[in-house]
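Per-entry structural report
Below, each chain spelled out in residue letters.
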Amino acid sequence: MGSEASTSSRFFVLEEGDVGSYYEVSFEKAEPVNRADAPRCQRCGDIIGLLSWLPPYRVKLELHGEELGDFIDGVGYELLVSERFVEAFRAEGLTGLEGFHPVEVVRVRRMKKKREPLTVLRYFVVWPCFGRAAVDLVLNRVRFSTPPTCTECRATGINATHGFVLEPGTWAGEDIFRPRGMQGKVVVSERFNRFVERHGLTNMRLTLTEQYVRDPSHLGPAPLPTA
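Now for a look at the structure at hand. Just so you know, these numbers come straight off a predicted model, no measurement behind them.

Let's shift gears to the overall build of the protein. Counting its secondary structure elements, the protein contains two helices and 16 strands. Taking 17 Å as the expected radius of gyration for a compact globule of 227 residues, we find that the protein reaches 18 Å, a close match to that expectation. With the principal axes as the frame, the protein shows a C-alpha extent of 65 × 40 × 35 Å. For the protein, the accessible surface area stands at approximately 12000 Å², while carbon and sulfur atoms represent 49% of it. Put simply, the protein has 29 plus and 30 minus side-chain charges, and the middle of one group is 3 Å from the middle of the other.

Structural remark: α-helix, 3.6 residues per turn; residues separated by three or four positions point the same way. The set of residues buried in helix α1 (residues 83-91) consists of Phe85, Val86, Ala88 and Phe89. Buried residues along α1 sit against β7 (79-82), β8 (97-102), β10 (123-134), β13 (176-180), α2 (190-199) and β15 (204-208). Trailing α1 by a residue or two, glycine 93 shows a phi angle of about 70°, which is positive.

What the three strands build is an open sheet, ordered β11-β12-β16; its pairing is antiparallel. The open sheet has two edge strands with one neighbour each: β11 (142-144) and β16 (213-214). Relative to strand β12 (residues 158-162), β11 is paired through three bridges, and the arrangement is antiparallel. By the bridge assignment for β12, arginine 143 is matched with alanine 160.

A word on the sheet that holds strand β5 (residues 58-63). Spatial strand order, β2-β5-β9: three strands in an open sheet with mixed pairing. Across the chains shown, the open sheet's two edge strands, defined by having one partner strand only, are β2 (25-29) and β9 (104-110). Each strand of the sheet is rotated relative to its neighbour by a mean of 25°, with strand direction disregarded. Alignment of β2 against β5, held across five bridges, turns out to be antiparallel. The residue of β5 that forms the bridge with serine 26 is glutamate 62.

Another point: the nonpolar core. Leu14, Phe85, Phe89, Ile176, Phe192 and Phe195 are the most contacted members of the largest nonpolar core, which totals 23 residues. The element that contributes the greatest number of residues to this core is α1, accounting for four residues. What isoleucine 176 contacts, discounting residues up to four positions off in sequence, is Leu14, Phe89, Thr95, Gly96, Leu97, Pro128, Cys129, Val186, Val187, Val188 and Phe192. In terms of nonpolar packing, the next biggest core, distinct from the first, is built from 16 residues, Val25, Phe27, Tyr77 and Trp127 among them.

How each quantity is defined
Position labels on residues start from 1 in each chain and follow its written sequence. Confidence filtering applies because this is a predicted model: local features only for residues at pLDDT of at least 70, side-chain atom pairs given and counted only at 80 or more, and all residues used for totals across whole chains, interfaces and linings. Side-chain metrics in this entry use all non-hydrogen atoms of the structure; hydrogen atoms and water are not considered. Strands are runs of DSSP state E lasting at least 2 residues, helices are runs of H or I lasting at least 4, and numbering of each runs from the N terminus. Only C-alpha atoms enter the radius of gyration, while the globule expectation follows 2.2 Å times N to the 0.38, with N the number of residues. For the area figures, the Shrake-Rupley method with a 1.4 Å probe applies, and any residue is considered shielded solely by the protein chains shown. This count recognises Lys and Arg as positive and Asp and Glu as negative, with His and chain-terminal groups excluded. By convention, the point assigned to a charge is CZ for Arg, NZ for Lys, CD for Glu and CG for Asp. Throughout this description, buried means an accessible area under 20% of the type-specific maximum (1.4 Å probe, protein chains only), exposed means over 50%, and partly exposed covers the range between. In this description, contact between two residues means that some pair of their heavy atoms is separated by no more than 4.5 Å. Whether two strands pair depends on DSSP finding at least two bridges between them. The angle between two axes is taken between their N-to-C directions and runs from 0 to 180 degrees, where each axis is a line fitted to C-alpha atoms and a helix contributes only its stretch in contact. The term nonpolar core refers to a set of buried residues drawn from Ala, Val, Leu, Ile, Met, Phe, Trp, Tyr and Cys, joined through side-chain atoms within 4.5 Å.

What follows is the structure, encoded as structure tokens:
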């Protein structure tokens with residue numbers, strides 16, 4: 001599928017809705033919590049992710065908004081998605097997610113007092129794959145704390161992001177993935193973006209990678225290379 005990638009492909013960073021949104025929610029893992037080793041780069045051996053979550057998959061939800069949405073971001077690399085998300089994802093043949101294990105919701109704490117009963121959705125835990133797509137080390141506006149040394153994982157510390165692009169020819173066609181060089185972000189394809197809009201999936205914010213900004217220290221964008 002690598003031949004499908006082109007410089008005209010658009011990609012988006014996937015995140016939860018804003019703080020204070022209608023669907024704002026957080027979750028914590030309920031005991032017993034079992035973990036496996038963190039993933040490592042097959043070439044350099046560096047850690048490229050957080051500890052993996054093992055069954056049983058049990059969670060406690062804390063609802064700050066009004067209703068539970070179709071998407072909940074996790075503390076680690078796992079995501080919670082609703083049953084209707086899973087059914088639509090599979091029906092349309094989208095790719096890039098692993099897992100799809102049922103989750104037991106052991107408690108929902110509502111932070112706003114409501115008389116109306118709350119509908120608790122059925123959730124599944126999924127993990128976006130580690131894709132072949134790689135963040136372009138030249139044509140981006142990312143400030144690195146140290147430059148990457150491994151050409152495979154390209155793992156490094158990032159101090160500020162003012163937009164980024166993927167290196168042409170590296171994307172293998174996945175609809176949702178973690179790119180090399182920015183494994184902490186979930187990136188999705190234009191097809192995934194249309195999928196979210198078509199089904200009205202909730203609690204998802206999609207930002208074009210070129211427009212994605214995260215700069216907690218106000219360092220500003222990295223300078224683009226000069227000719």
